[in-house]
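Reading the structure
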Amino acid sequence: MHVEVCRDAERAGVTAAAIIAEGQPRVLGVATGSSPLPTYRALAARTDLSIETLVLLDEYIGLDPDHPERYRTVVLRDVAVPLGVPAHCVLSPDVDAADLHDAAARYDELVRTSHVDVQILGLGRNGHIAFNEPGTPATSTTRVVELTEATRRDNARFFEHPDDVPHRAITQGIATILAARRIVLIATGAAKADAIARLLHGPVDTAVPATALLAHSDVVVVVDEEAHHLIGAR
Ligand code: GLP
């Protein structure tokens, strides 16, 4: 696992974009949340990319199709439009399906057969990746999950009222994520320092889902100094 420490979040975005571009992705896996936003801006400013397909990691269950916080809507606005990827080339789980478990299994198959070249990941404060919450095994595949109260609280800032945050989502599993050729995890801000320390110090522990990445051969972790400040202190 390679680690890049950058002065601030903006520089972390530029660094992550360069590492992503180096992987020459045709199929790019994208994460939501605030951490990758500087990366998306930096990717849009590059002229050396030929991204054809975007693949979402996860999607809330229960939001209206036109809700602005639907992850598909967020990705179309913040990633697909700036990168010039048409909406029909943006893959996401069908959270409106009558059978959500079947929709999750179908999405797992779709992600695997799409062969993600580079997967961008954020990091939850509790060490989650996508919506794989603490306790998730590394063998997990795409499925319906319950969000922890900690994650619902963290994500409440995007909603008018904390009660509006959905309780469930469809998420790619850890095994699904690990099938990507290269993984670039971006974490910025002091709130992520504990999870970053637990990831970089290891060992693999299902209590910190991101530690499953230690088993992948091409992972780059891009952090700012705030997210890195506990390294060496534990
Ligand atoms: C959500 C997403 C994750 C993301 C996390 C961190 O829970 N499902 O994929 O990594 O938020 O978000 P942020 O970068 O805003 O801290």
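The structure under discussion appears in the preceding block.
Residues numbered from 1 in each chain as written. Predicted model: local features only at pLDDT ≥ 70, side-chain atom pairs only at ≥ 80, totals over all residues. Heavy atoms only, no water.

Here we take up the overall build of the protein chain. Across its full length, the protein chain holds seven helices and ten strands. Whereas a compact globule of 234 residues would reach a radius of gyration of roughly 17 Å, the protein chain reaches 16 Å, a difference of no more than 12%. Classification of the 234 residues of the protein chain by burial places 53% in the buried group. Considering only contacts within the protein chain whose residues lie at least 6 apart along the sequence, 77% involve residues at least 24 apart. (Helix = DSSP H or I, 4+ residues; strand = E, 2+ residues; numbered from the N terminus. Rg over C-alpha atoms; globule rule 2.2 N^0.38 Å. Buried < 20%, exposed > 50% of the residue type's maximum accessible area, 1.4 Å probe, protein only. Contact = heavy atoms within 4.5 Å.)

Bringing the environment of Glu226 into the picture now. Among the structural elements, Glu226 can be located in the segment after β10 (219–224). Dropping the residues within four chain positions of it, Glu226 is found in contact with Gly189, Ala190 and Ala193. From its side chain, Glu226 meets the backbone nitrogen of Ala190 in a polar contact 3.3 Å long. (Polar contact = N/O pair within 3.5 Å; in protein donor to acceptor, adjacent residues only side chain to side chain.)

Here the focus is the site of the ligand. Contacts to the ligand come from 14 residues, most closely from Ser34, Ser35, Asp58, Arg157 and Lys192. At 2.4 Å, a side-chain N or O of Ser35 approaches an oxygen atom of the ligand. Here a nitrogen atom of the ligand and a backbone polar atom of Ala130 are 3.4 Å apart. Burial of the ligand by the surrounding chains reaches 95%, relative to a free accessible area of 390 Å². For the shell around the ligand, the per-class residue count stands at four nonpolar, seven polar and three charged. (Near = heavy atom within 4 Å. Areas by Shrake-Rupley, 256 points an atom, 1.4 Å probe, with all protein chains shown as cover. Nonpolar A, V, L, I, M, F, W, Y, C, P; charged D, E, K, R; others polar.)

The three strands lie next to each other as β4-β8-β7, forming an open sheet whose pairing is antiparallel. Here the strands that pair on one side only, and so sit at the sheet edges, are β4 (58–61) and β7 (143–146). Adjacent strand axes in the sheet meet at a mean angle of 30° when their direction is disregarded. Here β4 pairs with strand β8 (residues 168–171) via four bridges, running antiparallel. When the bridges of β8 are listed, Tyr60 appears paired with Ala169. (Pairing = 2+ DSSP bridges. Axes fitted to C-alpha atoms, helices over the stretch in contact; angles between N-to-C directions.)

Next up on the list: the packing of helix α2 (residues 37–44) against helix α3 (residues 71–83). Running from amino to carboxyl end, α2 crosses α3 at an angle of 15°, the nearest separation of the two axes being 9 Å. With respect to their mutual orientation, α2 and α3 come out roughly parallel. Relative to α3, the crossing made by α2 is left-handed. Facing α2, whose interface residues are Leu37, Tyr40, Leu43 and Ala44, α3 presents Asp78, Val79, Pro82 and Leu83. Of the residues belonging to the contact of α2 with α3, the class tally is seven nonpolar, no polar and one charged. (Parallel < 35°, antiparallel > 145°, perpendicular 65-115°, else oblique. Left-handed = near helix turned anticlockwise from the far one by under 90°.)

Gly202 connects to Pro203 through a cis peptide bond whose omega is -5°. Take Pro203: it is sitting in the loop between α7 (193–201) and β10. Even without a glycine there, the phi angle at Gln24 is positive, about 45°. The topology assignment puts Gln24 in the loop between α1 (9–22) and β2 (27–30).

By size, the foremost hydrophobic cluster in this structure holds 65 residues, and its most contacted members are Leu28, Leu54, Ile129, Leu185 and Ile196. If sequence neighbours within four positions are ignored, Leu185 has contacts with Leu121, Gly122, Leu123, Ile129, Ile196, Leu199, Leu213, Val220, Val221 and Val222. Counting residues in each nonpolar core, the second largest holds eight residues, with Ile61, Val95, Leu100 and Ile170 among its members. (Core = buried A, V, L, I, M, F, W, Y, C linked by side-chain atoms within 4.5 Å.)

Right, let's talk about the packing of aromatic side chains for a bit. Tallied over the full model, the rule gives four aromatic pairs. Each ring, one from Tyr60 and one from Phe131, has its centre 5.6 Å from the other, and the planes form 45°; the classification is tilted. Remark: Phe131 occurs in the loop between β6 (118–121) and β7 and Tyr60 occurs in strand β4; sequence separation between them is 71 residues. Per residue, the accessibility class of Tyr60 equals that of Phe131, and both read buried. (Phe/Tyr/Trp six-rings, centres within 6.5 Å; stacked < 30°, edge-to-face > 60°.)

One pass over the full model with this rule turns up 13 salt bridges. A salt bridge links Asp78 to Arg77; the shortest N-O distance between them is 2.9 Å. Taking relative accessible area as the criterion, Arg77 reaches 48% and is therefore assigned partly exposed. Residues Asp117 and Arg181 are paired through a salt bridge, measuring 3.3 Å at the closest nitrogen-oxygen approach. Of this pair, Asp117 sits in the loop between α4 (100–114) and β6 while Arg181 sits in the loop between α6 (174–178) and β9 (182–187), placing them 64 residues apart in sequence. For Asp117, a relative accessible area of 14% puts it in the buried group. (Salt bridge = Lys/Arg side-chain N within 4 Å of Asp/Glu carboxyl O.)

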